[in-house]
Amino acid sequence: VMKLNPQQAPLYGDSVITVQLTEEDKVEDDVVFYLVFTGSTVQHCTSTRKINPGSLETISPGHDCCETVKVALCASREGHPVLVVAEESFQFVQDEAYDAAQFLATCAGNQQALNFTRFLDRSRPPAADVDFLDEKVALAFRHLKLPAEWNVLGADQSLTENIPRETLMHFAVRLGLLRLTWFLLQQPGGRGALSIHNNEGATPVSLALERGYQKLHQLLTEEGAREPDSWSTLSHTVHSGDYSVKHHRGLGVYLLTAE
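Owing to the predicted nature of the structure, the values given are computational and were not obtained by experimental measurement.

1. Quick notes on the pairing of strand β8 (residues 67–76)
Both faces of the sheet carry side chains from a regular strand, because those side chains alternate between them.
Now for step 1: Burial of β8 is extensive: eight of the 10 residues sit out of reach of the surface.
Now for step 2: Relative to β8, strand β4 (residues 32–38) is paired through seven bridges, and the arrangement is antiparallel. Bridge pairing in β8 places T38 opposite K70.
Now for step 3: One ladder, built from nine bridges, connects β8 with strand β9 (residues 83–93); its direction is antiparallel. Bridge pairing in β9 places K70 opposite S89.

The structure is reproduced here in structure tokens:
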């Protein structure tokens, strides 16, 4: 039996899993190990990275629902058939970051909810927590199946630009959430939100300036600003039909997902 640590991952994946091999599985260097995750409707295959003779590292895939799946450790060697060397179960769970992303996605145009996020800002979380929050919530947001008509400014697009109001972009910028801001910029209404004033007359751009978030301010104002470096370890995904391939740059691990 192999040991997986941890034995669960959030639905949106992208967390590190360590695989402890048993004595008999510690084999020659030319063996390549893969993990195959089999869910009720989706299957994933991930490559692994050897940390030492007895352990491997991989990245958990993003999954389509909360459930326990079967994980098979497969070994492949040139000229030999692929072998399943061990099996284990693994759980996909909905965590707080996922809840937070869902909450934010549904309250895009809701002034009461957005004012609540301003209230939260008064109890400023420390920088390390902000970075953690930023990464997890942005990952979860990317994983949500947002409806086609979803918009950063909420459902009611008839609101003219000059009505002062809070937006999700104000929220992301106020907390200094670089990755979430970048994600929102790519969505419908993202660019439009930059020029919207709230009741104090602040736009997301002026907030970034006022709070001294230089990187964030550049991201919002520079022509052709690039994806923030802080995202370089996260995954890049390519979709094709029922398949998607993800590359985790930090570990150099690949993930294939098939429906």
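Read on for the rest.
2. Focus: the domain arrangement of the protein chain
Now for step 1: Here the protein chain is partitioned into domain 1 (3–94 + 234–258) and domain 2 (96–221).
Now for step 2: If you average the C-alpha positions of domain 1 and of domain 2, the two centres end up 33 Å apart.
Now for step 3: Facing eight residues of domain 1, the contacting portion of domain 2 comprises 11 residues.
Now for step 4: Remark: the boundary between domain 1 and domain 2 carries zero salt bridges.
Now for step 5: A breakdown of the residues in the side of domain 1 that touches domain 2 according to their chemical character gives three nonpolar, four polar and one charged.

3. Quick word on the sheet that holds strand β6 (residues 49–52)
Now for step 1: With antiparallel pairing, the four strands of this open sheet are ordered in space as β1-β3-β7-β6. Two strands lie at the open edges of the sheet, namely β1 (3–5) and β6, each paired on one side alone. Put simply, the sheet's adjacent strands are angled 30° from each other on average, direction ignored.
Now for step 2: In terms of strand pairing, β1 meets strand β3 (residues 16–20) through three bridges, oriented antiparallel. From the neighbouring strand, K3 faces β3, where its bridge partner is Q20.

4. Structural notes on the packing of helix α5 (residues 178–185) against helix α8 (residues 214–221)
Now for step 1: Remark: α5 packs on α8, axes separated minimally by 10 Å, with the N-to-C direction vectors making an angle of 5°. Put simply, α5 runs roughly parallel to α8. Taken together, the residues of α8 that come into contact with α5 (itself represented by L178, T181, W182 and L185) are K215, L216, L219 and L220.
Now for step 2: Residue composition of the contact of α5 with α8, by class: six nonpolar, one polar and one charged.

Conventions we followed
- In this convention, every chain numbers its residues from 1, walking through the sequence in written order.
- With pLDDT at 70 or above as the cut-off, local features in this predicted model cover only qualifying residues; side-chain atom pairs require 80 or more to be listed or tallied, and sums for whole chains, interfaces and linings still use all residues.
- Derived side-chain values reflect all non-hydrogen atoms in the structure, with water molecules and hydrogen atoms excluded from consideration.
- When a residue's accessible area, from a 1.4 Å probe over protein chains only, is under 20% of the maximum for its type it is buried; when over 50% it is exposed; and in between it is partly exposed.
- Comment: elements are numbered from the N terminus, with helices defined as DSSP H or I runs of at least four residues and strands as E runs of at least two.
- For two strands to pair, DSSP has to find at least two bridges joining them.
- Where each domain starts and ends follows an automatic or database-derived domain assignment.
- Working rule for contacts: check all heavy atoms of both residues, and any pair within 4.5 Å makes them a contact.
- We define a salt bridge as a side-chain nitrogen of Lys or Arg found within 4 Å of a carboxyl oxygen belonging to Asp or Glu.
- Throughout this entry, Asp, Glu, Lys and Arg are counted as charged residues, while Ala, Val, Leu, Ile, Met, Phe, Trp, Tyr, Cys and Pro are counted as nonpolar. The remaining residues, Gly among them, count as polar.
- In this description, a line fitted to the C-alpha atoms serves as the axis of each element, helices being fitted only across the stretch in contact, and the angle between N-to-C directions of two axes falls anywhere from 0 to 180 degrees.
- By the definition adopted for this analysis, an angle is roughly parallel if under 35 degrees, roughly antiparallel if over 145, roughly perpendicular if from 65 to 115, and oblique otherwise.

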